[in-house]
Amino acid sequence: MMSPPNLIRRLAAIVYDALLLISVLFVATALILPLNAGQAISHSQMVFYWLYLLIISFLFYGWFWTHGGQTLGLRAWNIQVLTIQGEQISWFHAFLRFSTAILSWSALGLGFFWSLIDTDKRCWHDNLSKTALFHQAKR
């Protein structure tokens, strides 16, 4: 039986994924250091660096979401990202979900707490991207 996960389960999956994403971003940073003569990113390069990290982050989430609908954090908590019709999401859905999740976080996390009052337990980025998280209860 698939049902929407509660906020605690969502946040726990986010923490798992954040740990993995941080390690991916460390590797991504290490990969560009030789292109900058091994130097840290300069102030004038900061905008490009943050854009680079944002693209890497999108590719991280987008790949997992479009290939089975589960990041490692979602898998650990038995959650899957699907369209609201229950189908695999596309890269377009992944882009909408990722970009609107930034909006959910930017409003001091209010977009996530929205799931507490939403009748379908969806966050802002779920509703805006026409995707949803589904929890598969263990038997």
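These lines cover the structure that appears in this document, whether it is placed above or below. Fair warning: this is a prediction, and the values are worked out from it, not measured in the lab.

### Brief notes about the packing of helix α1 (residues 7–32) against helix α2 (residues 46–66)
Running from N to C, α1 and α2 cross one another at 130°; their axes reach a closest spacing of 10 Å. By the angle between their directions, the pair α1 and α2 is classed as oblique. The two elements α1 and α2 meet at a crossing, and its hand is right-handed. In this structure, α1 contributes Asp-17, Leu-20, Leu-21, Val-24, Leu-25, Ala-28, Thr-29, Leu-31 and Ile-32 to the contact, and α2 contributes Tyr-49, Tyr-52, Leu-53, Ile-56, Ser-57, Phe-60 and Tyr-61.

### Some words on the pairing of strand β2 (residues 79–83)
Burial of β2 is extensive: 4 of the 5 residues sit out of reach of the surface. Pairing geometry for β2 and strand β3 (residues 131–136), over 5 bridges, is antiparallel. What sits directly across from Thr-83, in β3, is Thr-131.

### Considering a nonpolar patch on the surface
Where nonpolar side chains cluster on the molecular surface, the patch consists of Leu-51, Leu-54, Ile-55, Leu-59, Trp-63, Trp-91 and Ile-102 and spans about 640 Å² of accessible area. Taken together, the elements giving at least two residues each to the nonpolar patch come down to α2 and α4 (91–106). For the nonpolar patch, the element with the most residues is α2, which contributes 5 residues.

### Description of the pairing of β3
Across the 6 residues that make up β3, a large majority, 5, are buried. Both strand β1 (residues 2–3) and β3 contribute to a ladder of 2 bridges, which runs antiparallel. If you follow Met-2 over to β3, its bridge partner there is Gln-136.

### Notes on the packing of aromatic side chains
Using the criterion set out here, one finds 11 aromatic pairs in the structure. Between the aromatic rings of Tyr-61 and Phe-98, the centroid separation amounts to 6.3 Å while the plane-to-plane angle is 40°, which identifies the pairing as tilted. Placement of Tyr-61 in helix α2 and of Phe-98 in helix α4 is noted, with a sequence separation of 37 residues between them. Exposure class is identical for Tyr-61 and Phe-98. Each is buried. Pairwise contacts between aromatic rings join Phe-58, Phe-60, Tyr-61, Trp-63, Phe-64, Trp-65, Trp-91, Phe-95 and Phe-98 into one cluster. Here Arg-97 stacks its cationic end above the ring of Trp-65, 5.4 Å away from the centre of that ring.

### Some details on the environment of Arg-122
Considering the arrangement of structural elements, one finds Arg-122 in the loop between α5 (110–113) and α6 (124–129). Spatially, the C-alpha atom of Arg-122 lies 7.9 Å from that of Leu-133, the residues being 11 residues apart in sequence.

Thresholds, definitions, all that
Each chain carries its own residue numbering, running from 1 in the written order of its sequence. Note on the predicted model: pLDDT of at least 70 is required for a residue's local features to be given, and 80 or more for side-chain atom pairs to be given and counted; whole-chain, interface and lining totals, by contrast, use all residues. To get the side-chain values, take all heavy atoms of the structure and skip hydrogens and water. Angles here are taken between N-to-C directions and fall from 0 to 180 degrees, while the axes themselves are lines fitted to C-alpha atoms, restricted in helices to the stretch in contact. Strands are runs of DSSP state E lasting at least 2 residues, helices are runs of H or I lasting at least 4, and numbering of each runs from the N terminus. Here roughly perpendicular refers to angles of 65 to 115 degrees, roughly parallel to angles under 35, roughly antiparallel to angles over 145, and oblique to all remaining angles. For a crossing to be left-handed, the near helix must be turned anticlockwise from the far one by less than a right angle; the clockwise case is right-handed. In what follows, a contact means two residues having at least one pair of non-hydrogen atoms within 4.5 Å. Working definition: with a 1.4 Å probe on protein chains only, accessible area under 20% of the residue-type maximum means buried, over 50% means exposed, and in between means partly exposed. When DSSP finds two or more bridges between two strands, those strands count as paired. Only residues whose relative accessible area exceeds 30% and that form no salt bridge are eligible for patches; like-charged ones are grouped when within 9 Å, while nonpolar side chains (Val, Leu, Ile, Met, Phe, Trp, Tyr) are grouped when within 5 Å. Method for areas: the Shrake-Rupley scheme with a 1.4 Å probe, in which residue coverage is limited to the protein chains shown. Salt bridges are defined as contacts in which a side-chain nitrogen from Lys or Arg sits within 4 Å of a carboxyl oxygen from Asp or Glu. Here the aromatic set is Phe, Tyr and Trp, taking the six-membered ring for Trp, and pairing holds for ring centres within 6.5 Å; pairs whose planes are under 30 degrees apart are stacked, those over 60 apart are edge-to-face, and all others are tilted. Only when the NZ atom of a Lys or the CZ atom of an Arg is both within 6 Å of the ring centre and within 35 degrees of the ring normal do we say a charge sits over the ring.

Functional significance is not addressed by these values, which are geometric in nature.
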